[in-house]
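Letter by letter, the chains look like this.
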Amino acid sequence: MPYSFSVSLNQEEDTQQLAKVLAANFTTGVIYLIGDLGAGKTTLTRYYLQQLGHQGSVKSPTYTLVEPYNVRGKDIFHFDLYRLNDPYELELMGIRDYLETPNALFLFEWPSKGGDEIPEADLVIEILKSEDELTRTATLTSSSAALQQALEQQFPHVE
């Protein structure tokens, strides 16, 4: 993936703005959300789904493994693999049925626990907390020139 962009998420509005760029430029494919507990993966997902048009609440699928959404006729699946003990558990829960959904958006928190059972990412978002945990830095890596250009236009102050 040739494109990489880092953005500081110093306040909630920055996360909302990032979600807005994502919603406008990335609506189909596989996203890996990487970061420690409390880094903001679910918060970014919530704003992202809202920007796509979701009206209801967005909860972390920590216990259910997946939360399916249908937003304006588009299927979106939010996976949280944190509690997964073995990638094969995904096979047992029927992940292939989800992954065969055409033109869907798949968000995977803790993708490293999915092993070979989950597809390669089209976009990787890694969120790192500062030492004092007051700010975050999100690094987005993808093959999308359009997303890269949109990020550069929306966040011109970032190195």
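Residues numbered from 1 in each chain as written. Predicted model: local features only at pLDDT ≥ 70, side-chain atom pairs only at ≥ 80, totals over all residues. Heavy atoms only, no water.

*Asks:* Which parts of the structure should I look at to understand the side chain of Gln148?
*Replies:* Within the secondary structure, Gln148 is located in helix α5 (residues 145–154). Here Gln148 is in contact with Tyr3, Ser4 and Phe5, once residues within four sequence places are set aside. (Helix = DSSP H or I, 4+ residues; strand = E, 2+ residues; numbered from the N terminus. Contact = heavy atoms within 4.5 Å.)

*Asks:* Hey, could you run me through the pattern of salt bridges in this one?
*Replies:* Any two side chains of opposite charge can pair, given that their charged atoms come close. This model, assessed by the stated rule, comprises three salt bridges. Across the pair Lys59 and Glu67 runs a salt bridge, and its minimum N-O distance is 4.0 Å. Accessibility expressed as a relative area gives 13% for Glu67, which makes it buried. A salt bridge links Glu91 to Arg96, with the nearest nitrogen and oxygen atoms 2.9 Å apart. Judged by its relative accessible area of 25%, Glu91 is partly exposed. (Salt bridge = Lys/Arg side-chain N within 4 Å of Asp/Glu carboxyl O. Buried < 20%, exposed > 50% of the residue type's maximum accessible area, 1.4 Å probe, protein only.)

*Asks:* Sorry if this is basic, but what is going on with the packing of helix α1 (residues 12–25) against helix α2 (residues 41–52) here?
*Replies:* The relative placement of two packed helices comes down to the angle between their axes together with the axis-to-axis distance. Running from N to C, α1 and α2 cross one another at 50°; their axes reach a closest spacing of 8 Å. Relative to α2, the element α1 is oriented oblique. The two elements α1 and α2 cross, and the hand of that crossing is right-handed. Between α1 and α2, the contacting residues are Glu12, Thr15, Gln16, Leu18, Ala19, Lys20, Leu22 and Ala23 on the first element and Thr43, Leu44, Tyr47, Tyr48, Gln51 and Leu52 on the second. Taken together, the residues that form the contact of α1 with α2 break down as eight nonpolar, four polar and two charged. (Axes fitted to C-alpha atoms, helices over the stretch in contact; angles between N-to-C directions. Parallel < 35°, antiparallel > 145°, perpendicular 65-115°, else oblique. Left-handed = near helix turned anticlockwise from the far one by under 90°. Nonpolar A, V, L, I, M, F, W, Y, C, P; charged D, E, K, R; others polar.)

*Asks:* Before we go on, may I ask you to explain the environment of Ile125 in this structure?
*Replies:* Mapped onto the elements, Ile125 comes out in strand β6 (residues 123–129). For Ile125 and Ser6, which are 119 residues apart along the polypeptide, the C-alpha to C-alpha distance reads 9.4 Å. Not counting residues within four places of it along the chain, the set of residues in contact with Ile125 comprises Leu22, Ile31, Tyr32, Leu33, Ile34, Leu44, Ala138, Thr139 and Leu140.

*Asks:* Any chance you could explain the sheet that holds strand β3 (residues 66–71) here in plain terms?
*Replies:* What holds strands together in a sheet is hydrogen bonding between their backbones, with the strands either parallel or antiparallel. The mixed open sheet is built from seven strands, whose spatial order is β1-β7-β6-β2-β5-β4-β3. Only two strands of the sheet have a single neighbouring strand rather than two, namely β1 (3–9) and β3. Pairwise comparison of adjacent strand axes, ignoring direction, gives a mean angle of 15° for this sheet. Bridge count for β3 against strand β4 (residues 74–80) is six bridges, and the pairing is antiparallel. Note that in β4 the partner of Val66 across the bridge is Phe79. Packing of α2 onto the sheet brings it into contact with β2 (29–34), β3, β4, β5 (105–109) and β6, and relative to β5 it is tilted by some 165°. (Pairing = 2+ DSSP bridges.)

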